[in-house]
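Examining the three-dimensional arrangement
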Amino acid sequence: MVIKASCHCGATTFEVSQAPQTVTQCTCSFCSKRGSLWAYYTPSQFKLTSPIENVSFYRWGSKTVKHGFCATCGCGTFTETPDWSTGKPDFDNPKVSVNSRLFDDFDLDKVEVVIIDGKNLW
């Protein structure tokens, strides 16, 4: 089941290959200010369907994580990151976190929200 997503103005669009089982609400300073609910995918499960030029990127702290946002309207779209499931970055197992609030025609209320205490973890 392909799920399509778009930013507010429609300049940045992407799709993922399946619905998320859960989404993550992170309490770190960046995620809490952004308000995203993250769904995680492998790079092969994610496809940017608009030109890459429509996306700007922000890196902070260790510069390890590449946070994407629409260059026109500013909506947070997706993040390219190593896998952090062990607590350390696994660069051989990259992930794409997508802002599931941007999913088109998808009932996000039916997906479990998992809260990660990023405020105290990193």
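A brief structural summary. Fair warning: this is a prediction, and the values are worked out from it, not measured in the lab.

**Focus: the nonpolar core**
With 17 residues, the main nonpolar core has F14, V16, F46, V98 and F103 as its most contacted residues. Those elements that provide at least two residues to this core are β1 (3-6), β2 (13-16), β4 (38-41) and β9 (90-99). Each residue touching V98, except ones within four places of it in the same chain, is listed here: F14, V16, L37, W38, A39, Y41, F46, T77, F78 and F103. The next biggest cluster of nonpolar side chains, apart from the first, holds five residues, and it includes C26, F30, C31 and W38.

**Description of the pattern of salt bridges**
Opposite charge on two side chains allows them to pair when their charged atoms are near. Tallied over the full model, the rule gives three salt bridges. Here K110 and D107 are joined by a salt bridge, their closest N and O atoms 3.9 Å apart. Looking at K110, the relative accessible area reads 71%, which means it is exposed. For D107, a relative accessible area of 38% corresponds to the partly exposed category.

**What about the environment of V23?**
Its place among the elements puts V23 in strand β3 (residues 22-26). Using a relative accessible area of 0% as the deciding quantity, one classes V23 as buried. Residues V23 and I115, spaced 92 residues apart in sequence, show a C-alpha to C-alpha distance of 8.6 Å.

**A few points about the pairing of strand β8 (residues 76-83)**
Of all eight residues that make up β8, seven are buried, and the element is covered over most of its length. Two strands pair when backbone bridges link them, and strand β7 (residues 66-70) and β8 are joined in this way by three bridges, in the antiparallel orientation. Residue pairing across strands places F69 opposite G76, the latter belonging to β8. A loop of five residues connects β7 with β8, the two strands running antiparallel in sequence, and G74 in this loop sits at a positive phi of about 90 degrees. The pairing of β8 with β9 spans six bridges and is antiparallel. Along β9, the bridge assignment pairs F78 with V98.

**Topic: the packing of aromatic side chains**
Tallied over the full model, the rule gives seven aromatic pairs. Measuring from centroid to centroid gives 5.4 Å for F103 and F106, while their planes differ by 85 degrees, and the two rings are edge-to-face. By relative accessible area, which is 8% here, F103 ends up buried. Here F106 falls in the partly exposed class, since its relative accessible area comes to 22%. In textbook terms, an aromatic cluster arises when at least three aromatic residues are bridged by ring pairs, as seen for F14, F46, F57 and F78.

The rules we used
- Residues numbered from 1 in each chain as written.
- Predicted model: local features only at pLDDT ≥ 70, side-chain atom pairs only at ≥ 80, totals over all residues.
- Heavy atoms only, no water.
- Core = buried A, V, L, I, M, F, W, Y, C linked by side-chain atoms within 4.5 Å.
- Buried < 20%, exposed > 50% of the residue type's maximum accessible area, 1.4 Å probe, protein only.
- Helix = DSSP H or I, 4+ residues; strand = E, 2+ residues; numbered from the N terminus.
- Contact = heavy atoms within 4.5 Å.
- Salt bridge = Lys/Arg side-chain N within 4 Å of Asp/Glu carboxyl O.
- Pairing = 2+ DSSP bridges.
- Phe/Tyr/Trp six-rings, centres within 6.5 Å; stacked < 30°, edge-to-face > 60°.

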